[in-house]
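For reference, the chains in residue letters:
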Amino acid sequence: MRPQWEALIVGINRYPEYTNFNDLTVAALDGENVAQRLEQYGYEPFRIQDLPLGLTQKGAGGPSSTGLVKLEELRSAVANLFNPPPPNQPPETGLFFFSGHGCRQEVDGIEEVFLVTSDAFPDVGIYGYPLRELGEQIATSPVKQVVIWLDCCYSGELLSLLPFIPTDKAYCLITATRSFEPGVEISHEQGVFTRELLAGLNPENHPDGIVTSHNLALFIEQRMSRTGQRPLIANSEQAILLTSLFPKLSFQDKCPYRSLSYFTDKPEDALVFYGRSKLTQQLIERVKTKDRLLVVLGASGSGKSSLLRAGLLYQLKLGQAIVGSDRWHYLEPFSPGVAPKQRLQEVLELGKLLEKNGGNSSLTLVATSEPVVMIIDQFEECFTMSQPDQRLEFFNGLMELLEQKDNLIVLIAMRSDFRGRSRKYPQFVEKINRPYINVDQLNRQEIEEAIALPAELVGLGIEGRLKQQLINDVEDYPGSLPLLQYTLTELWKQSRQQQETFLRLETYQQLGGIEGTLEKKANQVFDSLSPEAQNVARR
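Residues numbered from 1 in each chain as written. Predicted model: local features only at pLDDT ≥ 70, side-chain atom pairs only at ≥ 80, totals over all residues. Heavy atoms only, no water.

**Student:** Just checking my understanding: could you explain the sheet that holds strand β7 (residues 145–151) for this structure?
**Tutor:** The pairing of strands in a sheet comes from backbone hydrogen bonds and takes either a parallel or an antiparallel form. With respect to topology, 6 strands assemble into an open sheet ordered β2-β1-β3-β7-β8-β12, the strand pairing being mixed. Two strands close off the open sheet at either side, each with one partner strand: β2 (46–51) and β12 (232–235). Strand after strand, the sheet turns through a mean of 10° between neighbouring axes, direction not considered. Across 7 bridges, the pairing between strand β3 (residues 93–99) and β7 is parallel. Following the sheet pairing, Phe-98 is matched in β7 by Leu-150. The strands touched by helix α5 (residues 213–224) within the sheet are β7, β8 (170–175) and β12, with β12 carrying the most contacts at an inclination of about 165°. (Pairing = 2+ DSSP bridges. Helix = DSSP H or I, 4+ residues; strand = E, 2+ residues; numbered from the N terminus. Axes fitted to C-alpha atoms, helices over the stretch in contact; angles between N-to-C directions. Contact = heavy atoms within 4.5 Å.)

Shown next, in the form of structure tokens:
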């Protein structure tokens, strides 16, 4: 069962004369726009309730710029979001957005901030929904992830609710203003805060295509530094995933397989990377226990590169498996090549983590409070492409970096047949945290996951007979992962050419099975070579 994510979106334009508050022009529109952003890009599908009713509905009757929201309506909606009565199940994530008037008022000798409702009547002591009551709802709520965004005057008082939030919850609290200042509404356009919130929630404005509570906070802080308002933000160490360019079930007409390429840590690859969940979790646990130098071994084509990138690196950058890991420093994965120490230096410079040492040949890392993650792929190149003195210089450089920086994490991927050659460098080998992580061939269950689960994400059907034939053909086949991915990619291309939405056993047989598709690819590569290169290949 997929986790339930619920949002309560409130946008109040209408304030009758007796409230002593002027009507607003864009609060309802702000609410509608936030709801649309969540519906379009929500990392999980949001179930959205709106106030006034019909706020987010298109067509006749919505959105209503004159709709009223009464105190008891808002009180009941907040209670149902954070503490739904039995037998209703609480959502995993509860999100509350409010756009309207806010007011600060002394009540019984205590200053309080209220979210002003349409039936506020200050002359008789009715001001709206008190933030104190919101804090009480959160304190008793079983919801695991609490998200509250307020676009109203004096909304910074929300941060006084932090003591109400139990330590086991993830939270994201963002307010348009500080506790003592009013907000700004751009007449007939949108609130200043909501404008930047909407831009920050758009995953197209973020390099990785994923918006978390952490990078949303940075985005809003940077954008609103140019305005007269200063937002207040409080985030838990645990990041909350909010929106994504790659929401689940949105891959229609995109191939979910990666042919002969390895899977990267980009969401479009990581979300279709299946079959290595146990190994990914094993790597996460090793990083969590602060192992500093980890070696991943496996045969050529076993999927080491994909495991480190789409498995481990993607999960770490999300900040879900290890609290705070979304704030770590990540160097670009690299291969040693012919000059490994030079490659290492280039990567450190690119990541802006290399101290300038003048003419000193040793490498020194910039001091950072957060861990630094380095991935070295195809480590066997140290033995096949570099000279012995270059290799030794590289190994010594790595050991120096590990000794000088106690929060550097180095992960190495190497073909298992080169393990014996690494033993010639005992000082380096002694630094490796045992045991090695072995990437074996995919078992039957993992093969099925790699075939079926990416297809489910794009609504692609697979004949049961084809799935079983693929499992039988790939099992125990050397280098099975790239072969499987390449064959599935070819099957997908054929299905699209035939304007079909499922993969057929008949097509697989016409391609010649696993070996036939590989032979076809080899012939294509050979035919693309020059006559001279073809003569060399024949030898």
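Let us keep going from here.
**Student:** Sorry, what's going on with the pairing of strand β17 (residues 408–415) here?
**Tutor:** Successive side chains on a regular strand alternate, one facing one side of the sheet and the next facing the other. Buried residues dominate β17, accounting for 7 of its 8 residues. Taken together, the 6 bridges between strand β14 (residues 293–298) and β17 define a ladder with parallel strand orientation. Among the inter-strand pairings, Val-296 is bridged to a residue of β17, identified as Ala-413. Sheet topology places strand β16 (residues 372–376) next to β17; 5 bridges connect them, and they run parallel. Within the sheet, the bridge partner assigned to Val-373 lies in β17 and is Ile-409. (Buried < 20%, exposed > 50% of the residue type's maximum accessible area, 1.4 Å probe, protein only.)

**Student:** Where do I start with the pattern of salt bridges in this structure?
**Tutor:** Oppositely charged side chains may form a pair once their charged atoms are brought near each other. Using the criterion set out here, one finds 27 salt bridges in the structure. In this structure, Glu-393 and Lys-341 form a salt bridge, with 3.9 Å as the shortest nitrogen-oxygen distance. Of the two residues, Glu-393 sits in helix α11 (residues 388–404) while Lys-341 sits in helix α9 (residues 340–350), which places them 52 residues apart along the sequence. Given the relative accessible area of 39%, Glu-393 is considered partly exposed. Judged by its relative accessible area of 13%, Lys-341 falls in the buried class. Here Asp-417 makes a salt bridge to Arg-415, at a shortest N to O gap of 2.7 Å. Put simply, Glu-72, Arg-75 and Glu-133 are held in one network by salt bridges that share partners. (Salt bridge = Lys/Arg side-chain N within 4 Å of Asp/Glu carboxyl O.)

**Student:** Please explain the domain arrangement of the protein chain as it appears in this structure.
**Tutor:** Interface size is commonly expressed as the accessible surface area that is lost when the partners come together. Looking at the protein chain, the domain boundaries give domain 1 (5–244), domain 2 (276–438) and domain 3 (444–528). Centre-to-centre separation of domain 1 and domain 3, based on C-alpha positions: 48 Å. (Domains from an automatic or database assignment.)

**Student:** What exactly am I supposed to notice about α5 here?
**Tutor:** For the α-helix, the turn length of 3.6 residues means that residues three or four positions removed from each other point alike. Taking 1.5 Å as the rise per residue, α5 with 12 residues should run 16 Å; its terminal C-alpha atoms sit 16 Å apart, in good agreement. When we look at burial in α5, the residues that qualify are Ser-213, His-214, Leu-216, Ala-217, Phe-219, Ile-220 and Met-224. Lining the buried residues of α5 we find β7, β8, α4 (192–201), β11 (210–212), β12 and β13 (241–244). (Expected span 1.5 Å × (residues − 1).)

**Student:** Before we go on, may I ask you to explain helix α14 (residues 444–457) in this structure?
**Tutor:** Counted at 1.5 Å a residue, the expected span for α14 with its 14 residues is 20 Å, and the 20 Å between its end C-alpha atoms agrees. Along α14, the positions that sit buried rather than exposed are Glu-446, Ile-447, Ala-450, Ile-451, Ala-452, Pro-454, Ala-455 and Leu-457. Buried residues belonging to α14 abut β19 (461–462), α15 (464–474) and α16 (480–497). Capping the start of α14, Asn-443 holds a side-chain oxygen 3.1 Å from the backbone nitrogen of Gln-445, two or three residues further along. Following α14 by one or two positions, Gly-459 has its phi on the positive side, about 70°. (Polar contact = N/O pair within 3.5 Å; in protein donor to acceptor, adjacent residues only side chain to side chain.)

**Student:** Where do I start with empty space enclosed by the protein in this structure?
**Tutor:** Where empty space is left can be seen by rolling a probe of water-molecule size over the atoms. Using the criterion set out here, one finds 1 cavity of 30 Å³ or more in the structure. Quantified by volume, the largest cavity comes out at close to 50 Å³. Put simply, the parts of the chain that give the lining of the largest cavity at least two residues each are β17 and α12 (419–422). For the lining of the largest cavity, a count of residues per class yields 7 nonpolar, 1 polar and 1 charged. (1 Å grid on protein atoms, 1.4 Å probe; cavity = no way out; pocket = protein on both sides within 12 Å on 5 of 7 lines; lining within 4 Å. Points joined across faces, edges and corners; volume = space filled by probe spheres on them. Nonpolar A, V, L, I, M, F, W, Y, C, P; charged D, E, K, R; others polar.)

**Student:** Please explain the layout of surface pockets as it appears in this structure.
**Tutor:** The space that makes up the largest pocket amounts to roughly 990 Å³. No other element matches the 7 residues that α5 contributes to the lining of the largest pocket. Here the residues of the lining of the largest pocket are counted per class, giving 14 nonpolar, 8 polar and 9 charged. Two domains each put at least three residues into the lining of the largest pocket: domain 1 (5–244) and domain 2 (276–438).

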